[in-house]
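Now for the letters of each chain:
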Amino acid sequence: MNNQPIGVFDSGVGGLSVLRELKKLLPNETYIFVADQKNVPYGGKTKDQLIQFSDSIVDFLVTKKKVKAVVIACNTSTVYSIGFLRSKYKIPIIGTVPVIKTIANLTKSGKTAVFSTPATAKSQYLSDLIKKFADGIIVYKVSGTGLEDLVEEGNLKSPKINKILHKSLIPLKEKGVDSIALGCTHYPFLRDQIEAMMGSKVGIVDSGSAVARHTREVLTKENLLGNLSSEDYFYTTGNRVKFKKALKNLLDLDTERIYNLNL
Ligand code: DGL
């Protein structure tokens, strides 16, 4: 048993959709969540920037917080920086990527899609995943530019959100796409709107529960599982008050354990 904390990070509040699944499956762990809200959105950043952001965060988690593992609760950061992080840090680093295998298994029409940030959409990492897990299946890549900022603002019912969703997703419906991977951790918070727009015949899958299962596997294998549940800690490189509001709004969580982080 090992009761050191687990580090979890994202550009912002999106990673809370992964944290939610981790806490469901692994309740006897303490989580330290970092939201890099000074730099959100990650979706338009370069590879070098994304590596630098993730390196500073993981360095903080490892050096100052002594975490036993890190979960990158961000697709964009995973596809550009997981290789670097794994080569630099000795602890297990678990990534979040779109669930290509699941949408490939789910489709009957042979037409699927990944809905992600522009950076993830154009990454070689995603192309490789598609080649490996969805050979012979059409996988459209669409981005929802602007959505991340709107989710950060916390008004999930805003008409602006519906407008972007409509523009990105209705063309997929018209093409006959019947399974979609949510390839950005901000998007599970828009699941209701996305499902209403696409209808019940289109499967919408996010990565949260797969990441939680994978984390459990890794911790089990490395003998790192914890057996003590405790309140989690939250750090933001942005505005603490705004983060507190988002936490209440998105996870219905009230906590005073929210701190500012200067990296
Ligand atoms: N939530 C992140 C992801 O999964 C990034 C969103 C952003 O900052 O652009 O890709």
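Described in the following lines is the structure provided in the data block. (Residues numbered from 1 in each chain as written. Predicted model: local features only at pLDDT ≥ 70, side-chain atom pairs only at ≥ 80, totals over all residues. Heavy atoms only, no water.)

**Focus on the packing of aromatic side chains**
Part 1 of the argument: The full count for this structure, using the stated rule, is seven aromatic pairs.
Part 2 of the argument: Arranged with centres 5.4 Å apart and planes meeting at 20°, the rings of Tyr42 and Phe53 form a pair that is stacked. In this pair, Tyr42 sits in the loop between strand 2 (31–35) and helix 2 (47–64) while Phe53 sits in helix 2, placing the two residues 11 residues apart along the sequence.
Part 3 of the argument: Classification of Tyr42 as buried rests on a relative accessible area of 2%.
Part 4 of the argument: Relative accessible area serves as the criterion here: at 9%, Phe53 is assigned to the buried category.
Part 5 of the argument: Plain terms: the ring middles of Phe234 and Phe243 are 5.9 Å apart, the flat faces sit at 40° to each other, and that makes the pair tilted.
Part 6 of the argument: Classification of Phe234 by relative accessible area gives buried; the value is 1%. (Phe/Tyr/Trp six-rings, centres within 6.5 Å; stacked < 30°, edge-to-face > 60°. Helix = DSSP H or I, 4+ residues; strand = E, 2+ residues; numbered from the N terminus. Buried < 20%, exposed > 50% of the residue type's maximum accessible area, 1.4 Å probe, protein only.)

**Digging into the site of the ligand**
Part 1 of the argument: The full set close to the ligand counts 14 residues, and Ser11, Tyr42, Gly43, Thr76 and Thr185 are the nearest of them.
Part 2 of the argument: The backbone of Tyr42 places a nitrogen or oxygen atom 2.6 Å from an oxygen atom of the ligand.
Part 3 of the argument: The separation between a nitrogen atom of the ligand and a polar side-chain atom of His186 is 2.9 Å.
Part 4 of the argument: For the ligand, whose accessible area on its own is 300 Å², the fraction buried by protein is 100%.
Part 5 of the argument: Looking at the shell around the ligand residue by residue, the class counts come to five nonpolar, seven polar and two charged. (Near = heavy atom within 4 Å. Polar contact = N/O pair within 3.5 Å; in protein donor to acceptor, adjacent residues only side chain to side chain. Areas by Shrake-Rupley, 256 points an atom, 1.4 Å probe, with all protein chains shown as cover. Nonpolar A, V, L, I, M, F, W, Y, C, P; charged D, E, K, R; others polar.)

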